[in-house]
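# Tertiary structure, described
The chain contents come next:
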2 protein chains.
Amino acid sequence: MYIPTYDDMLTAHARIKPYIHRTPVRTSDFLNELTGAQLFFKCENFQEPGAFKVRGASNAVFGLDDAQAKMGVATHSSGNHASCLSYAANRRGIPCNVVMPSTAPQAKKDTVRRYGGQITECEPSTTSREETFAKVQAATGGNFVHPYNDPRVIAGQGTCAKEFIEQADGLDVVMAPIGGGGMISGTCLTLSNLAPEVQIIAAEPEQANDAYRSFKAGYIIADDAPKTIADGLLVPLKDLTWHFVSKHVTDILTASEEDIIHAMKLTWKHLRIVMEASSAVPLATILKNKDRFAGKRVGIIITGGNVDLDILPWLK
Amino acid sequence: MYIPTYDDMLTAHARIKPYIHRTPVRTSDFLNELTGAQLFFKCENFQEPGAFKVRGASNAVFGLDDAQAKMGVATHSSGNHASCLSYAANRRGIPCNVVMPSTAPQAKKDTVRRYGGQITECEPSTTSREETFAKVQAATGGNFVHPYNDPRVIAGQGTCAKEFIEQADGLDVVMAPIGGGGMISGTCLTLSNLAPEVQIIAAEPEQANDAYRSFKAGYIIADDAPKTIADGLLVPLKDLTWHFVSKHVTDILTASEEDIIHAMKLTWKHLRIVMEASSAVPLATILKNKDRFAGKRVGIIITGGNVDLDILPWLK
């Protein structure tokens with residue numbers, strides 16, 4: 001198992017610069033007053049394909065040598081990694097095959113297809129996803145870019161925390177949602193080198209709290225097919241992300257479905273951004289744990305903004 | 001009638017700096033490909049009270065001397081000017097009375113009240129609004145800050161175009177929606193001095209096209225109580241805004257309700273921002289007039305983002 005280094009992250013940042021936005025950091029007096037903390041939101045939903053995952057995907061795609069690149073890339077993903085890998089492959093002009101659960105939001109499937117990605121659908125479980133992928137990969141021979149358990153991907157995701165530290169002074173805490181742990185691992189990689197005094201707190205839906213239970217138990221616990229509105233956070237930790245999570249994460253906090261939807265609507269209303277339910281989990285946990293964050297400068301990574309605008313969770 | 005000058009705009013910009021955001025300019029490859037133009041979106045919906053009108057309102061409020069300020073401010077507004085004047089008055093710690101149509105979106109009424117503004121409701125017509133306001137102003141004695149026909153307000157709105165020109169190089173056109181003409185007049189004030197080569201094109205709903213008809217006729221035509229989803233654009237031009245519109249605007253284009261809703265949803269989906277229907281009118285007119293904008297660098301002012309998230313027009 002190759003553990004990506006701080007230099008890998010710096011190399012990634014130089015490599016991917018033409019394909020990513022240096023996304024803005026936004027604040028809201030209203031949300032500061034509501035939480036009692038000073039919140040800074042890094043808007044990765046503003047990346048062209050709508051998610052931070054463009055960072056890791058672009059690092060993997062543009063790091064391939066020409067011979068590898070010709071064979072294209074392949075992956076399985078609940079959505080945003082698929083869109084972002086398709087985007088990066090499209091920018092390089094190489095094929096991209098993706099396995100997606102049949103239940104993935106239509107908006108995410110549309111984005112993959114818009115960038116020329118080829119979708120093969122599977123059942124919405126980790127088992128089915130991995131089985132189906134093995135078949136697709138055998139048939140196409142593309143370079144496998146795992147959505148998170150891949151050193152190239154983690155080095156790419158780590159570039160977000162580097163920008164964040166440059167954009168927002170004196171953060172006490174950086175928070176991100178946790179699914180497979182790619183963004184959190186990249187954040188650990190960067191901050192443990194660049195700003196080791198900053199706490200890293202992950203946020204997870206109660207209904208898909210395998211990372212929380214893993215963190216408390218001290219070993220990886222994986223659920224098959226959890227259900228939550230935060231559809232980007234269904235996947236389990238793997239060895240590489242567990243390495244970073246177990247070593248550098250301060251804590252993992254959880255929130256209910258109702259809390260997540262409330263925080264999502266609050267953010268849409270007061271930051272006036274379109275973001276996914278997954279991205280609302282950190283704010284949901286802050287609102288549940290106000291004492292812990294009172295007076296702190298808290299950076300929150302808004303991970304993605306690919307939403308079915310016809311199916312908003314507070315209108316169900 | 002005092003016509004605000006370029007120096008008034010510069011003074012305004014220095015005065016209001018602590019109370020406004022220098023809002024980001026965003027782009028979308030998808031929307032560029034769709035329109036054939038290069039679009040730059042200045043996100044005034046990201047102002048703390050959710051609209052560009054915080055610029056003019058703050059200039060008026062913070063330009064008052066102490067004796068005037070003690071009496072507070074008063075206005076009538078279909079929404080965003082009311083919220084923004086309340087915000088500015090709140091920041092200065094002075095009273096704010098506002099007359100709003102009973103039909104104004106709940107989100108806008110909530111924002112006014114959150115900032116401590118006192119609301120008096122009127123019927124949704126220009127006549128009722130002005131009559132009700134006369135009574136309120138007589139009772140309170142506050143300094144009248146007209147939502148647009150006020151040199152302090154126009155000088156304040158003009159600060160947006162100054163930032164826009166600094167943030168986006170080589171714009172061929174700047175577009176904004178037109179209601180009473182405050183933002184367009186401020187844009188005219190700034191660009192006619194700073195970048196007279198840039199075309200200024202206003203966009204208006206077909207169902208509230210009084211500015212369009214005025215522009216074609218050569219004199220102000222006012223409708224009483226027009227109806228459109230773009231609820232920020234119901235009010236007519238007045239003498240001061242007519243001065244700027246008739247002198248500096250290149251053209252006024254219109255769009256149907258259906259076109260506006262389509263452009264609104266497109267922007268939410270691809271720029272991932274929450275913005276009002278009024279802010280979608282420029283993109284709606286570009287999509288109807290692609291030849292005219294092909295290959296051009298077009299700046300669009302996203303005017304506001306106070307939306308009832310429970311009533312989205314494409315879900316009706």
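Residues numbered from 1 in each chain as written. Chains lettered and ligands numbered in written order. Predicted model: local features only at pLDDT ≥ 70, side-chain atom pairs only at ≥ 80, totals over all residues.

## Describing the overall build of chain A
Filter applied, for reference: Segments assigned H or I by DSSP are reported as helices when at least four residues long, segments assigned E as strands when at least two residues long, and all are numbered from the N terminus. Using C-beta atoms placed from the backbone, we call a residue buried if 20 or more other C-beta atoms fall within 10 Å of its own, exposed if 12 or fewer do, and partly exposed for counts in between. Contacts are defined on C-beta atoms placed from the backbone: any two residues whose C-beta positions lie within 7 Å are in contact.
A tally of helices and strands in chain A yields 14 helices and 10 strands. Seen through its principal axes, chain A has C-alpha atoms that stretch 55 × 45 × 40 Å. Buried residues in chain A amount to 57% of all 316 residues. If you take every contact in chain A between residues at least 6 apart in sequence, the share linking residues at least 24 apart comes to 76%.

## Topic: the relation of the copies chain B and chain A
Just so we agree on the cut-off: To superpose the copies, least squares is applied to the C-alpha atoms of every residue with a pLDDT of at least 70 in both.
Rotating chain B by 180° and moving it 0.0 Å along the rotation axis overlays it on chain A with an RMSD of 0.0 Å. What the superposition gives is, in effect, a two-fold axis relating one chain to the other. Minimal C-alpha distance to the rotation axis in chain B is attained by B:Ile273, lying at 2.1 Å. When you check the interface residues of chain B against chain A, 100% turn up at the interface there too, and the contact is symmetric in its surfaces.

## Quick word on the domain arrangement of chain A
Residue and element names in this part refer to chain A. To be explicit about the condition: The domain limits used here are those given by an automatic or database domain assignment. In this count, Pro and Cys sit with the nonpolar residues alongside Ala, Val, Leu, Ile, Met, Phe, Trp and Tyr, while Asp, Glu, Lys and Arg are called charged and the others, Gly among them, polar.
Split into domains, chain A comes out as domain 1 (6-52 + 150-315) and domain 2 (54-144). Between domain 1 and domain 2, the C-alpha centre-to-centre distance is 22 Å. Of the residues lining the interface, 33 residues belong to domain 1; the matching set on domain 2 comes to 26 residues. Those elements that place two or more of their residues in the side of domain 1 that touches domain 2 are helix H1 (6-16) and helix H8 (151-167). Take the side of domain 1 that touches domain 2: its biggest share by element is 8 residues, from H8. Looking at the side of domain 1 that touches domain 2 residue by residue, the class counts come to 17 nonpolar, 9 polar and 7 charged.

## Looking at the packing of helix H3 (residues 53-63) of chain B against helix H5 (residues 80-92) of chain B
All names here are of chain B. Put simply, the rule reads: Between the N-to-C directions of two axes lies an angle of 0 to 180 degrees, each axis being a line fitted to C-alpha atoms and, for a helix, fitted only over the stretch in contact. An angle below 35 degrees is read as roughly parallel, one above 145 as roughly antiparallel, one from 65 to 115 as roughly perpendicular, and any other as oblique. Whether a crossing is left-handed or right-handed is set by the direction in which the near helix is turned from the far one by less than a right angle, anticlockwise for left-handed and clockwise for right-handed.
In contact at an axis separation of 8 Å, H3 and H5 are set at 40° when each is read in the N-to-C sense. By the angle class used here, H3 and H5 are oblique. Along this stretch, H3 crosses H5, giving a crossing that reads as right-handed. Residues Lys-53, Val-54, Ala-57, Ser-58, Val-61 and Phe-62 of H3 form the contact with H5, whose participating residues are Asn-80, His-81, Cys-84, Leu-85, Tyr-87, Ala-88, Ala-89 and Arg-92. Looking at the contact of H3 with H5, its residues break down into 9 nonpolar, 3 polar and 2 charged.

## Details of unusual backbone geometry
Despite not being glycine, A:Arg272 shows a phi value in the positive range, around 60°. You can see A:Arg272 is positioned in the loop between helix H12 (257-270) and helix H13 (281-288).

## Some details on the sheet that holds strand E5 (residues 118-122) of chain A
The strands that make up a sheet pair up through hydrogen bonds in the backbone, lying either parallel or antiparallel. Residue and element names in this part refer to chain A. Defined as follows: Strand pairing is defined by DSSP finding a minimum of two bridges between the two strands.
Here 4 strands make up an open sheet; going across it, the order is E5-E4-E3-E6 and the pairing parallel. Each end of this open sheet is capped by a strand with a single partner; those strands are E5 and strand E6 (143-144). The pairing of strand E3 (residues 73-76) with E6 spans 2 bridges and is parallel. Of the residues in E6, the one forming a bridge with Ala-74 is Phe-144.

## With respect to the interface of chain B and chain A
Often, the extent of an interface is quoted as the loss of accessible area upon association of its parts. In this complex, chain B contributes 17 residues to the contact, which on the side of chain A involves 17 residues. A per-element tally of the side of chain B that touches chain A places helix H12 (residues 257-270) of chain B first, with 3 residues. Class assignment for the residues of the side of chain B that touches chain A results in 7 nonpolar, 3 polar and 7 charged.

## A short note on the sheet that holds strand E9 (residues 251-255) of chain B
Residues and elements named next belong to chain B. Spatially, E1-E2-E10-E7-E8-E9 is the arrangement adopted by the 6 strands of the open sheet, whose pairing is mixed. The outermost strands of the open sheet, each flanked by one partner alone, are strand E1 (25-26) and E9. Here 2 bridges tie E1 to strand E2 (residues 38-43), and the two strands are oriented antiparallel to one another. What sits directly across from Arg-26, in E2, is Phe-41.

## Brief notes about the packing of helix H1 (residues 6-16) of chain B against H3(B)
Residues and elements named next belong to chain B. Axis separation between H1 and H3 bottoms out at 9 Å; the angle between their running directions is 85°. On the basis of the axis angle, H1 is roughly perpendicular to H3. Two secondary-structure elements touch here, H1 through Ala-12, Arg-15 and Ile-16 and H3 through Arg-55, Ser-58, Asn-59, Phe-62 and Gly-63. Among the residues making up the contact of H1 with H3, the classes are represented as 3 nonpolar, 3 polar and 2 charged.

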